[in-house]
Amino acid sequence: MSIGLTAKELTSIRNDIDDLLPDTGYIIAITNTPDGQGGQIVSTAVVTGGTVLCRLDGRMINMLKGGESVAGAALVSFQQFILTLPYNTTITTNNQFLKDGQLYNITSVDTDKSWKASVRCILERI
């Protein structure tokens, strides 16, 4: 017995997910260029294609699991975010994401799926 999806069903699911992406953001490409003195010049640019549909959800990381940092000489938990993008979006941990003027580092991208209906990333605010 097969529980697989047909191409039509997967397309329908993808369209439904796209309808649930209420915001837009920008995928940022980072380029490192040698400066001729042993260092690097870092430049950034919006990836070709402009805006991308997205949904950004916050999640607090349990401090007992190592989700902590120092701020104002105090130990505080930091916040990670889950970013959902359309299934055909190309994004890697070498990119950054910009939404509403806030820049995020991409710490992971889920790429291994049987039926790719969306792209999910874990972000940390810069």
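For the structure, see preceding data.
So, here's what we can say about the structure. All values derive from a computational prediction rather than experimental measurement.

On to the pattern of salt bridges, then. Oppositely charged side chains can form a pair if their charged atoms are brought close together. Counting across every chain of the model gives 4 salt bridges. Between D57 and R55 there is a salt bridge, with the nearest N and O atoms lying 3.0 Å from each other. You can call D57 partly exposed: its relative accessible area is 29%. A residue is classified by how much of its surface remains accessible, and R55, at 24% relative accessible area, is partly exposed. A salt bridge links D110 to K113, with the nearest nitrogen and oxygen atoms 3.1 Å apart. On the basis of relative accessible area, K113 is assigned to the partly exposed category, the value being 31%. Within the structure, one salt-bridge network assembled from shared partners comprises D23, K99 and D100.

In this model, D100 sits at a positive phi of 55°, which is unusual for a non-glycine residue. Its location among the elements puts D100 in the loop between strand 6 (95-99) and strand 7 (102-109). On the basis of relative accessibility, which here comes to 68%, the residue D100 falls in the exposed class.

A contiguous nonpolar patch, built from I3, L5, I13 and W115 and spanning about 370 Å² of accessible area, is present on the exposed surface. Within the secondary structure layout, W115 lies in the loop between strand 7 and strand 8 (118-125). With a relative accessible area of 40%, W115 lands in the partly exposed category.

So, about the nonpolar core. Ranked by internal contacts, the top residues of the largest apolar core, which has 14 residues, are L56, L83, L85, I91, F97, C121 and L123. Elements with a minimum of two residues in this core: strand 2 (40-60), strand 5 (79-86), strand 7 and strand 8.

Counting across every chain of the model gives 1 aromatic pair. With 5.3 Å between their ring centres and 70° between their planes, F81 and Y104 make a pair best called edge-to-face. Taken together, the positions of F81 in strand 5 and Y104 in strand 7 put the pair 23 residues apart, joining distant regions of the chain. Classification of F81 by relative accessible area gives buried; the value is 6%. Across the ring face of Y87, the terminal group of R14 is positioned such that the distance to the ring centre comes to 3.6 Å.

Cut-offs used in this document
Residues numbered from 1 in each chain as written. Predicted model: local features only at pLDDT ≥ 70, side-chain atom pairs only at ≥ 80, totals over all residues. Heavy atoms only, no water. Salt bridge = Lys/Arg side-chain N within 4 Å of Asp/Glu carboxyl O. Buried < 20%, exposed > 50% of the residue type's maximum accessible area, 1.4 Å probe, protein only. Helix = DSSP H or I, 4+ residues; strand = E, 2+ residues; numbered from the N terminus. Patch = residues over 30% accessible without salt bridge, like charges linked within 9 Å, V, L, I, M, F, W, Y side chains within 5 Å. Areas by Shrake-Rupley, 256 points an atom, 1.4 Å probe, with all protein chains shown as cover. Core = buried A, V, L, I, M, F, W, Y, C linked by side-chain atoms within 4.5 Å. Phe/Tyr/Trp six-rings, centres within 6.5 Å; stacked < 30°, edge-to-face > 60°. Lys NZ or Arg CZ within 6 Å of the ring centre and 35° of its normal.

Don't take any of this as a statement about function, it's just geometry.
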